[in-house]
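As a plain string of letters, each chain reads:
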Amino acid sequence: MRTNFLKLSLLALVIFTTSCSNDDKKEELVPAVITQKFTNLPAPATGGQGQPEGGAFTKFSFSENKIVTSDNWDVAFRGTVIIVNGGAKIGIVDEPNRTGNAAVSIVSGAFSTIKSIPLASTFKQDAAAIYAFPKSGDNAWYDYNSNTHLISSKAGKIFVIKTHDGKYAKFEILSYYKDAPAAPDLTSTGRYYTFNFAYQPNSTTTF
Amino acid sequence: MKFKNTLYITLLFCQFSFAQQVQKDSLVVKELLEVKVVTATRTERVLSSLPLPISIITAKEIEKTGVTRLNEILSEQTGIILIPDESGFEGIQIQGLDAAYTLVLIDGVPIVGRNAGVLDLSRISVGNIDRIEIVKGASSALYGSEAMGGVINVITKKPKKDMLSGNFSYRYATFNTNDLNANLLWKKNRFSANVFANFYSSDGFDLDKATPLKNVEKFYNYTINPKLYYDFSKKVKLIISNRFYNQNMNNVALIETEYYKGDAEEKEWNSQVKVEHKLNSKLYFEYELYATNYKNNSFLEDESKVLYDQTFYNQWLFRPEIRTTFSINKNKLTAGIGMNQETLDRTYFNAIVKFNSQYVFVQYDYNPNQKWNILAGFRYDNHSEYASQLSPKLALNYKINTNFSLKTSVGYGYKAPDFRQLYFDFTNPSVGYTVLGYNVAEARLNEMQDQILKKESGINFDEPLQAESAVNCNFGTFYKKEKFKLEVNTFYNSIHNLIDTKAVAQKNNGQSIFSYFNTNAVFTYGLELNSNYNFTKDVMVSFGYQYLTAKDKSISEHFQDYQYIRNNELQTIKIDKSDYFGFYNRSKHTANLKLLYTISTIKTDINLRIFYRSKYGMFDSNGNQILDKYDTFVDDYFITNLSASKYISDTLLFQIGANNLLDYKEPNQIPNLSGRQLFARIQFNF
């Protein structure tokens with residue numbers, strides 16, 4: 001009985017492995033996604049300094065690789081706040097309506113090593129008083145240094161985005177300052193995002 | 001550089017002029033002699049026989065350096081690093097622990113009035129100091145809260161012989177710095193008195209003239225310290241000591257682009273009444289009443305003299321204590337009982353807050369034979385605001401022979417949550433974040449409901465905030481032979497419940513509300529070495545070195561959360577666990593080399609001191625929230641201090657010198673390092 005079970009398990013394992021490797025072979029036919037860099041996305045905000053922040057969000061579409069004003073945006077930026085085009089309004093000033101089904105999953109790693117799409121359950125959307133991009137804690141995209149007053153993007157935080165129309169992209173913020181200086185200082189102009197991203201136009205589960 | 005004088009020589013030193021002093025030195029310095037200390041056990045003990053890491057700075061050493069404030073002389077000691085910590089205030093780091101964890105005493109009683117946990121040690125003039133005793137490692141078993149990293153006890157001079165003696169001195173230095181001292185000591189039969197007065201002023205210094213703010217603004221301060229002694233009999237002695245300190249400093253701030261000016265005033269008063277009662281040869285009592293008040297007031301006005309901001313701080317401590325020592329042959333049982341009543345009223349507190357605590361301590365100093373000394377004790381503190389603390393300590397000294405001994409100690413230390421961590425209620429007017437003390441946070445969060453967007457999950461204030469605590473271990477050796485002395489101590493501190501700020505809610509304005517929580521477990525370990533050698537009676541050299549590692553346990557355990565950094569091209573790369581450098585602001589290596597050269601023929605001393613500090617990091621610069629070896633560091637540096645003292649006559653001393661002789665400056669990274677300061681000092685002794 002036990003031997004049979006063992007044999008069956010082994011068989012199952014072989015089938016599983018081969019089917020996986022078959023998948024892999026199929027995947028290799030799909031052209032690898034291209035990593036692109038978007039520089040100096042302006043994300044102005046009014047208020048701040050103790051007052052509520054306001055002003056229009058700068059909307060970005062990964063498939064179009066540009067700032068858009070239409071409803072087919074995936075993520076949008078204002079100051080340090082990032083929102084996704086999915087879910088419901090958080091409840092902050094001058095917030096656009098969510099028109100798509102975008103979501104974000106936050107993973108750790110070097111950008112190029114993130115190859116697979118995370119589990120569906122890890123994707124989050126904005127909701128009342130909930131930021132899909134957390135503003136503080138381990139998964140916040142930045143650190144604020146109270147001595148230098150500088151915002152630095154955390155290394156190894158990769159944001160896997162389910163786009164407004166159900167495709168996938170991954171992106172990593174490199175800098176919050178204009179022209180992405182390697183060592184920003186107080187003279188650097190903030191609220192300019194530079195990020196790497198890769199967009200997967202095909203409906204596969206890898207990058 | 002520790003002169004080992006007998007108490008008798010110290011006594012002579014206070015009385016005789018310096019020319020005579022030089023002669024005395026020539027007689028005694030051939031061999032390093034013993035000195036007695038009180039801080040380690042609260043009874044008089046020979047320094048070298050103590051099982052604890054302890055060091056001493058004598059009046060003579062202070063005088064030869066020509067420095068005037070306590071922070072300056074402490075910064076010249078091995079294992080004491082003076083640096084602005086994360087709060088921006090300059091304090092001392094001992095065994096890798098920040099300034100908040102060192103208790104500072106004057107004549108055995110504590111100084112209060114800390115800024116973000118840091119005491120400004122430049123408040124204390126060195127003009128009437130007899131000696132400074134420094135005990136490193138947890139000492140809560142005798143001293144309770146704050147003595148988690150160590151204790152610094154400043155002991156002032158006492159009149160010892162029937163006569164009038166004293167000195168006047170004046171020192172002028174770079175930045176228009178003036179220091180004027182008068183110290184009078186008088187004794188007649190049963191009465192004795194000591195009056196010390198000091199005036200200190202400076203224009204401050206400015207490393208970046210382009211900005212309107214100076215690194216240190218212009219200030220003046222004065223200290224008056226009268227003390228009275230009356231011996232009712234040989235067995236009953238009364239001591240009354242008062243100290244007044246007052247400082248006025250320019251207060252300047254740049255908020256947004258507006259420039260504000262005003263004043264900042266500090267006032268301090270300490271009063272100690274003590275009766276020493278020797279009941280018989282075996283039983284000795286000390287009854288002590290201590291009260292102290294520290295106040296500061298500051299304001300800022302805009303250019304049209306309209307009041308912009310005003311802050312105040314008013315702290316009181318009242319402390320009666322009774323101590324007794326019972327001598328049984330060579331052994332001593334010391335016990336004490338006392339209470340603390342503390343109050344604080346300040347800006348950003350809703351009401352005056354009060355702490356009450358009662359404590360008892362017991363210590364047994366046991367000498368079973370010539371070779372062993374065992375020190376065992378504990379202290380129990382009962383406190384109105386946090387859980388009671390039991391702080392035990394055990395220390396052993398084993399004398400292998402007359403020259404060589406081994407010492408080890410294990411102790412518990414703690415620091416109670418301070419007033420600020422419990423009662424702060426502060427909103428930054430320009431940025432808009434809020435910081436709430438733990439005990440008021442819940443109620444204030446409810447009141448602020450309409451400003452709050454979202455509370456962080458998993459935050460509750462059900463359990464009271466715990467005291468920060470440390471287990472401290474030391475193992476060391478003491479070796480002395482003729483002209484050579486070597487002390488080595490290795491230390492380890494394991495610290496729990498470190499209190500740090502954590503965001504508890506997000507406000508509608510996008511900023512956070514913070515409160516204080518017990519967060520991390522950290523450890524520090526290292527080695528301290530002190531040595532001196534007298535080549536001849538005129539040439540003495542000393543060398544000191546400290547190795548230090550200070551790390552956060554959770555970073556080592558969860559390194560996967562910190563393993564990615566951003567390189568110069570802003571791309572993410574992965575680093576190894578071994579690349580974790582440790583805490584901010586900690587140098588792995590610090591060292592000092594001191595040379596004292598006496599040219600007897602012209603009665604002149606040359607005193608050269610060189611200090612080294614290896615590289616250290618101030619903040620994370622590559623995006624992984626910790627300090628790793630790829631971060632930007634403050635480069636290692638040397639500081640050289642030089643002074644020359646000439647005894648013109650028996651009573652007149654003339655001194656010139658330069659602190660930071662080579663004018664090392666790093667304006668952006670070391671804001672407390674002023675550059676070269678030249679000085680000249682004249683002292684008249686009688």
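Computed from a prediction, not measured in an experiment: that's the story for all the values here.

Chemist: Would you explain the overall build of chain A in this entry?
Modeler: Counting its secondary structure elements, chain A contains one helix and 13 strands. In chain A, the succession of α and β elements from N to C terminus is α-β-β-β-β-β-β-β-β-β-β-β-β-β. For chain A, with 207 residues in total, the buried portion stands at 45%. Of the contacts formed within chain A by residues at least 6 apart in sequence, a portion of 57% connects residues at least 24 apart. Accessible area for chain A stands at about 10500 Å²; split by element, carbon and sulfur atoms hold 57% of it.

Chemist: Is there a simple way to think about the confidence of the model for chain B in this case?
Modeler: Residues of chain B with pLDDT of at least 70 account for 95%, and the chain-wide mean is 90. Between residues 1-32 of chain B, whose pLDDT stays under 50, and residues either more than four places distant or in other chains, the model counts 73 contacts.

Chemist: Is there a simple way to explain helix H7 (residues 438-447) of chain B in this structure?
Modeler: The periodicity of an α-helix, 3.6 residues per turn, causes residues three or four places apart in sequence to face the same way. All names here are of chain B. Residues of H7 that are buried include every one of Tyr438, Val440, Ala441, Arg444 and Leu445, and no others. The buried residues of H7 all sit within an arc of 135 degrees when viewed along its axis, so they share a single face. Summarising the contacts, the buried residues of H7 are in contact with helix H6 (419-423), strand S23 (425-427), strand S24 (434-436), strand S25 (452-455), strand S28 (499-507) and strand S29 (512-518).

Chemist: Sorry, what's going on with the pattern of salt bridges here?
Modeler: Pairing between side chains becomes possible if they bear opposite charge and their charged atoms approach one another. Residues and elements named next belong to chain B. This structure, assessed with the given rule, holds 34 salt bridges over all chains. Between Glu286 and Arg323 there is a salt bridge, with its nearest N and O atoms 2.6 Å apart. Here the residue Glu286 occupies a position in strand S16 (residues 283-301), and Arg323 occupies one in strand S17 (residues 307-328), the gap between them amounting to 37 residues. Each member of the pair, Glu286 as well as Arg323, carries the same accessibility label: buried. A salt bridge links Asp579 to Lys629; its shortest N-O distance comes to 3.5 Å. With Asp579 in the loop between strand S33 (572-574) and strand S34 (589-599) and Lys629 in the loop between strand S35 (604-613) and strand S36 (637-647), this residue pair connects regions lying 50 residues apart in the sequence. Asp579 gets classed as buried once you look at its relative accessible area, which sits at 7%. For Lys629, a relative accessible area of 46% gives the class partly exposed. When salt bridges with common partners are traced through the structure, they connect Arg42, Lys274, Glu276, Glu286, Glu288, Arg319, Glu321 and Arg323 into a single cluster.

Chemist: Teacher, can you tell me more about a nonpolar patch on the surface here?
Modeler: Residues and elements named next belong to chain B. Together, Tyr170, Tyr172, Leu180, Phe199, Tyr220, Tyr222, Ile224, Phe244, Ile648, Phe654, Ile656 and Ile682 line one region of the surface with nonpolar side chains, adding up to about 1000 Å² of accessible area. Mapped by element, the contributors of at least two residues to the nonpolar patch are strand S10 (164-173), strand S13 (219-231) and strand S37 (652-659). Looking at which element gives the most residues to the nonpolar patch, the answer is S13, with three residues. Within the secondary structure, Tyr222 is located in strand S13. Judged by relative accessible area, Tyr222 falls into the partly exposed class, the value being 34%.

Chemist: Can you walk me through the packing of aromatic side chains in this structure?
Modeler: Describing an aromatic ring pair means giving the distance of the ring centres and the angle of the ring planes. Throughout the structure, instances matching the rule amount to 53 aromatic pairs over all chains. For the ring pair Phe60(A) and Phe195(A), a centre distance of 5.2 Å and an interplane angle of 90 degrees mean the geometry is edge-to-face. With Phe60(A) in strand S4 (residues 58-61) and Phe195(A) in strand S13 (residues 190-200), this residue pair connects regions lying 135 residues apart in the sequence. The exposure classification of Phe60(A) matches that of Phe195(A), with both residues buried. A ring pair is formed by Phe355(B) and Phe419(B), whose centres lie 4.1 Å apart and whose planes are at 25 degrees; its orientation type is stacked. Of the two residues, Phe355(B) sits in strand S19 (residues 353-366) while Phe419(B) sits in helix H6, which places them 64 residues apart along the sequence. By relative accessible area, which is 5% here, Phe419(B) ends up buried. Over the ring of Phe517(B) we find Lys502(B); its NZ or CZ atom is 5.1 Å from the centre of that ring. Over the aromatic face of Tyr616(B) sits the side chain of Arg613(B), whose NZ or CZ is 3.6 Å from the ring centroid.

Chemist: I tried to follow unusual backbone geometry on my own but got confused; where do I start?
Modeler: Residues other than glycine predominantly adopt negative phi, and peptide bonds predominantly adopt the trans conformation. In this structure, Asn65(A) is a non-glycine residue whose phi angle is positive, near 55 degrees. Its location among the elements puts Asn65(A) in the loop between S4 and strand S5 (66-68). If you check the backbone angles, Ala116(B) has positive phi at about 50 degrees while not being a glycine. One can find Ala116(B) in the loop between strand S7 (109-110) and strand S8 (129-136). Judged by its relative accessible area of 30%, Ala116(B) is partly exposed.

Chemist: How do you make sense of empty space enclosed by the protein when you look at a structure like this?
Modeler: Take a probe with the size of a water molecule and roll it over the atoms, and the empty space left behind shows itself. Residues and elements named next belong to chain B. Applying the stated rule across the entire model yields 11 cavities of 30 Å³ or more. By volume, the largest cavity is sized at about 230 Å³. Lining the largest cavity are 18 residues, and of these Glu63, Val126, Gly127, Arg681 and Gln683 sit closest to its centre. Breaking the lining of the largest cavity down by element, the ones donating at least two residues are helix H3 (59-65), S10, strand S11 (177-188) and strand S38 (677-685). For the lining of the largest cavity, the leading source of residues is H3, giving three residues. Broken down by class, the residue content of the lining of the largest cavity amounts to six nonpolar, eight polar and four charged. Surrounding the second largest cavity, 16 residues form its lining, Pro53, Ile54, Glu487, Asn489 and Asn530 being those nearest its centre. Of all the elements in the fold, those that place two or more residues in the lining of the second largest cavity are strand S3 (54-58), S8, strand S26 (468-481), strand S27 (484-496) and strand S30 (522-536). Class assignment for the residues of the lining of the second largest cavity results in six nonpolar, five polar and five charged.

Chemist: Where do I start with the UniProt feature "domain: TonB-dependent receptor plug" (unreviewed entry) in chain B in this structure?
Modeler: Per the UniProt annotation, the sites labelled "domain: TonB-dependent receptor plug" (unreviewed entry) are residues 48-151 of chain B. Span residues 48-151 of chain B is 15% helix and 31% strand, its end C-alpha atoms 18 Å apart.

Chemist: What should I look at first to understand the interface of chain A and chain B in this one?
Modeler: Reports often express the size of an interface as the amount of accessible area lost when the parts come together. The interface is formed by 29 residues belonging to chain A together with 24 residues belonging to chain B. For the pairing of chain A and chain B, the buried interface totals around 2200 Å² over both sides, and the portion due to carbon and sulfur atoms is 48%. Counting every contact that joins chain A to chain B gives one salt bridge. A salt bridge links Glu172(A) to Arg566(B), with the nearest nitrogen and oxygen atoms 3.2 Å apart. Between chain A and chain B we count nine residue pairs in polar contact (both at pLDDT 80 or more) in total. The biggest single contributor to the side of chain A that touches chain B is strand S12 (residues 168-177) of chain A, with four residues. Across the side of chain A that touches chain B, the residue classes break down as 11 nonpolar, 14 polar and four charged.

Chemist: Help me understand the side chain of Lys59(A) in this model?
Modeler: Residues and elements named next belong to chain A. Considering the arrangement of structural elements, one finds Lys59 in strand S4. Of the side chains with opposite charge, Asp71 lies nearest to the buried Lys59, which makes no salt bridge, at 5.1 Å. Among all residues touching Lys59, those that are not within four sequence positions of it are Lys66, Ile67, Val68, Thr69, Ser70, Trp73, Val75, Ala76 and Pro96.

Chemist: Help me understand the nonpolar core, please; the structure alone is not making it clear to me.
Modeler: In a soluble, globular protein the nonpolar side chains are often hidden away together inside. Residue and element names in this part refer to chain B. Core analysis: the biggest nonpolar cluster contains 31 residues, and Phe349, Phe419, Tyr423, Leu445, Phe461, Val504 and Ile513 have the highest contact counts within it. Mapped by element, the contributors of at least two residues to this core are S16, S17, S19, H6, S24, H7, S28 and S29. With four residues, H7 is the largest single contributor of residues to this core. If near-sequence neighbours (up to four positions away) are discounted, Phe461 is found in contact with Tyr438, Ala441, Glu442, Leu445, Val504, Ser515 and Phe517.

Chemist: Explain a positive patch on the surface here, please?
Modeler: All names here are of chain B. Where like charges cluster on the molecular surface, the positive patch consists of Lys209, Lys214, Lys218, Lys665 and Arg676. Looking at where Lys209 falls in the secondary structure, it is placed in the loop between strand S12 (191-202) and S13. By relative accessible area, which is 67% here, Lys209 ends up exposed.

Chemist: So what exactly am I meant to see when it comes to the sheet that holds S4(A) here?
Modeler: Whether parallel or antiparallel, the strands of a sheet pair through hydrogen bonds between backbone atoms. Residue and element names in this part refer to chain A. The antiparallel open sheet is built from four strands, whose spatial order is S5-S4-S6-S7. Of all the strands in the sheet, the pair left with one neighbour each is S5 and strand S7 (81-84). Sheet twist, expressed as the average angle between the axes of neighbouring strands with direction ignored, equals 35 degrees. Pairing between strand S6 (residues 75-78) and S7: four bridges, direction antiparallel. By the bridge assignment for S7, Phe77 is matched with Ile82.

Scoring rules and cut-offs
Residues numbered from 1 in each chain as written. Chains lettered and ligands numbered in written order. Predicted model: local features only at pLDDT ≥ 70, side-chain atom pairs only at ≥ 80, totals over all residues. Heavy atoms only, no water. Helix = DSSP H or I, 4+ residues; strand = E, 2+ residues; numbered from the N terminus. Buried < 20%, exposed > 50% of the residue type's maximum accessible area, 1.4 Å probe, protein only. Contact = heavy atoms within 4.5 Å. Areas by Shrake-Rupley, 256 points an atom, 1.4 Å probe, with all protein chains shown as cover. pLDDT = per-residue confidence, 0-100. Arc of directions from axis to C-beta. Salt bridge = Lys/Arg side-chain N within 4 Å of Asp/Glu carboxyl O. Patch = residues over 30% accessible without salt bridge, like charges linked within 9 Å, V, L, I, M, F, W, Y side chains within 5 Å. Phe/Tyr/Trp six-rings, centres within 6.5 Å; stacked < 30°, edge-to-face > 60°. Lys NZ or Arg CZ within 6 Å of the ring centre and 35° of its normal. 1 Å grid on protein atoms, 1.4 Å probe; cavity = no way out; pocket = protein on both sides within 12 Å on 5 of 7 lines; lining within 4 Å. Points joined across faces, edges and corners; volume = space filled by probe spheres on them. Nonpolar A, V, L, I, M, F, W, Y, C, P; charged D, E, K, R; others polar. UniProt positions renumbered as here; feature names shortened; annotations may be inferred. Buried area = accessible area lost by both parts, 1.4 Å probe. Polar contact = N/O pair within 3.5 Å; in protein donor to acceptor, adjacent residues only side chain to side chain. Lys, Arg positive; Asp, Glu negative; His and termini not counted. Core = buried A, V, L, I, M, F, W, Y, C linked by side-chain atoms within 4.5 Å. Charge placed at Lys NZ, Arg CZ, Asp CG, Glu CD. Pairing = 2+ DSSP bridges. Axes fitted to C-alpha atoms, helices over the stretch in contact; angles between N-to-C directions.

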